[in-house]
Amino acid sequence: MIERLKYEELSEFIQKNNINFIASAVTPWHASGVDVSIKSLEDKGIVVNGLVLIEIASLDSTPIINDTHFQNKCCKYYYLEYPLFTTSHIIKNIYTNIYSALSVEKKACLDNAIYICSPWSININVYSAICRKIKNKKFHFILYEEGLATYFQCNKFSYSNLRKNHNRHNNILKELLSYGSKAINNWIYTIFTKGLYYSNYNLFYEGDQLRPNSVAIDYYKEILHSKITDLYNETYNVEPLRKSVIICTQAYKRDKIYKNTDISTLKQLINSLNAKGFKVILKPHPYEKDAAIYYSHLNCEIFTNNNISFEYIITYLKGDIKALISFSSTVLVTAKLFYNVNAIALTNIVEIENYGQYIQGELMSFRDTFSWLVPSPSSIEELINIIK
């Protein structure tokens, strides 16, 4: 049984157990990123004695991973116990993070360091919780891949978004407070990271245009390959997916999908693929706990083992599928990068007006950001021609 650990308990736990690596993770894909980060340190001759804090996606959810999702044998695993988000806690958190941003050591430090590892952005909260209590130690930060949505412009903090959206909500004060908090945290993060040296295992470098991070890609492929023996276990039942058309769904909020438009699109797509003789298998997102019921009216097989990252599936199959189809999922890009899989996005086929604004933004951002890598056909007929 995995126990819980609070932020205020971290310093004592780290010192008592001689921990030199702290990672946070939420999803099965994050587990691969933690293993990538550890492998990169071990390749530098560093002996890792780690702690992984398993977090939740939102305060109203529960953890979806445990220690079995990780390959490494050098970490202890705990669920992070969150504090009560009172006004005093928020103010204290902002104060401590400002102090951290102004005092963090910017230079490279790999020897005798504590490594703080997190997806996409540096975990300032973990650093703030321990930096003043642990003496005679330097800190080094490691980033691993969160998912494609972090590259989307619609998810970047912007003051123009406040001006554009402030009339959209009934509760203007709540919206202003939300943006105020984001503005402060964005300012803190900018100060914290300016000139900071860190290890980057995100799959892309950002700039005027995205550039694949070949070092990160190679590490991810190595980690994925090293675990595929586990997939021979019959409980995963991966082999039937070979040479099929796989449709990966996404955990969009159901109340932001109108007129059952996602089911309508999938039904048309699956019926058309069936008519052409393709074997179609639907792979739900790990967050979709109601997948068996929600997709039960679709005329295809549903891969119900949501306890496994799709990247492991495609690694086991060595890319041997007819095509991978999704809305704007990370797997479209990872499958293409790792195995040159025939990946196809539905961004131009969906009835985009029947989705909430946030989902619309993600769909359009995926198309605008990754059209150079993943095609987005305008019709189901055009999609099927790509598969052929």
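Here we summarise the structure given alongside this text. (Residues numbered from 1 in each chain as written. Predicted model: local features only at pLDDT ≥ 70, side-chain atom pairs only at ≥ 80, totals over all residues. Heavy atoms only, no water.)

A closer look at the overall build of the protein
Alright, step 1. Helix and strand content of the protein: 13 helices and 14 strands.
Alright, step 2. Computed over C-alpha atoms, the radius of gyration of the protein comes to 22 Å, within 12% of the 21 Å expected from 2.2 N^0.38 for 388 residues, which places it in the range of a compact globule.
Alright, step 3. The principal-axis extent of the C-alpha atoms belonging to the protein is close to 65 × 55 × 40 Å.
Alright, step 4. Within the protein, the proportion of its 388 residues that are buried is 52%.
Alright, step 5. Across the protein, every contact between residues at least 6 apart in sequence was considered, and the portion connecting residues at least 24 apart equals 77%.
Alright, step 6. Here the protein displays about 19,200 Å² of accessible surface, and carbon together with sulfur accounts for 50% of that area.
Alright, step 7. Counting 41 positive and 36 negative side-chain charges, the protein places the centres of these two groups 4 Å from one another. (Helix = DSSP H or I, 4+ residues; strand = E, 2+ residues; numbered from the N terminus. Rg over C-alpha atoms; globule rule 2.2 N^0.38 Å. Buried < 20%, exposed > 50% of the residue type's maximum accessible area, 1.4 Å probe, protein only. Contact = heavy atoms within 4.5 Å. Areas by Shrake-Rupley, 256 points an atom, 1.4 Å probe, with all protein chains shown as cover. Lys, Arg positive; Asp, Glu negative; His and termini not counted. Charge placed at Lys NZ, Arg CZ, Asp CG, Glu CD.)

Overview of the packing of aromatic side chains
Alright, step 1. Here the structure, examined in full by the defined rule, presents 18 aromatic pairs.
Alright, step 2. On the basis of an interplanar angle of 85° and a centroid distance of 6.3 Å, the ring pair of Tyr151 and Phe370 is categorised as edge-to-face. Pair noted here: Tyr151 is in the loop between β6 (138–144) and α5 (159–165) and Phe370 is in helix α12 (residues 357–370), with a separation of 219 residues, a long-range link.
Alright, step 3. With a relative accessible area of 5%, Tyr151 lands in the buried category.
Alright, step 4. Judged by its relative accessible area of 0%, Phe370 is buried.
Alright, step 5. Relative to Tyr295, the ring of Tyr294 lies with its centre 5.0 Å away and its plane at 85°, an arrangement referred to as edge-to-face.
Alright, step 6. According to the relative accessible area criterion, Tyr295 is buried, its value standing at 2%.
Alright, step 7. Clustering of aromatic rings is evident, with ring pairs tying together Trp120, Tyr151, Phe204, Phe366, Phe370 and Trp372. (Phe/Tyr/Trp six-rings, centres within 6.5 Å; stacked < 30°, edge-to-face > 60°.)

Some points on the pairing of strand β10 (residues 245–248)
Alright, step 1. Burial along β10 is two-sided: Val245 and Ile247 facing one way and Ile246 and Cys248 facing the other are all buried.
Alright, step 2. Here β10 runs beside strand β11 (residues 280–283); their pairing, made up of four bridges, is parallel. In the strand pairing of β11, Cys248 is matched with Lys283.
Alright, step 3. Each parallel crossover has a hand, and the one from β10 via helix α8 (residues 261–275) to β11 is right-handed. (Pairing = 2+ DSSP bridges. Right-handed = clockwise from strand over helix to strand, strands pointing away.)

What about the pairing of strand β5 (residues 113–119)?
Alright, step 1. Judged by how many residues are buried, β5 sits mostly within the fold: seven of seven residues are covered.
Alright, step 2. Across the two faces of β5 the burial is the same, with Ala113, Tyr115, Cys117 and Pro119 and Ile114, Ile116 and Ser118 all buried.
Alright, step 3. Examined bridge by bridge, β5 and β6 share seven bridges and lie parallel to one another. Counterpart to Tyr115 in the pairing with β6 is His140.

Side note on the pattern of salt bridges
Alright, step 1. Applying the stated criterion across every chain yields a total of nine salt bridges.
Alright, step 2. The salt bridge partner of Arg254 is Glu288, with a shortest N-O separation of 3.1 Å. Of this pair, Arg254 sits in the loop between β10 and α8 while Glu288 sits in the loop between β11 and α9 (291–294), and the two are 34 residues apart along the sequence.
Alright, step 3. On the basis of relative accessible area, Arg254 is assigned to the partly exposed category, the value being 27%.
Alright, step 4. Exposure remark for Glu288: the relative accessible area of 4% places this residue in the buried category.
Alright, step 5. Notably, a salt bridge pairs Asp368 with Arg367, separated by 3.4 Å at the nearest N-O pair.
Alright, step 6. When its relative accessible area of 55% is taken as the criterion, Asp368 is described as exposed.
Alright, step 7. Taken together, the salt bridges that share partners define one network made up of Glu239, Arg242, Lys243 and Asp320. (Salt bridge = Lys/Arg side-chain N within 4 Å of Asp/Glu carboxyl O.)

Quick word on the sheet that holds strand β7 (residues 198–201)
Alright, step 1. Here we have seven strands laid out as an open sheet, ordered β1-β4-β3-β2-β5-β6-β7, and parallel in their pairing. Of all strands in the sheet, those bounded by a partner on one side alone are β1 (4–6) and β7. Sheet twist, expressed as the average angle between the axes of neighbouring strands with direction ignored, equals 30°.
Alright, step 2. Across five bridges, strand β3 (residues 50–54) lies against strand β4 (residues 75–81) in parallel orientation. Counted as the bridge partner of Gly50 is Cys75 from β4.
Alright, step 3. This element, helix α2 (residues 28–42), spans β2 (21–25), β3, β4, β5, β6 and β7 of the sheet and lies at about 160° to β2. (Axes fitted to C-alpha atoms, helices over the stretch in contact; angles between N-to-C directions.)

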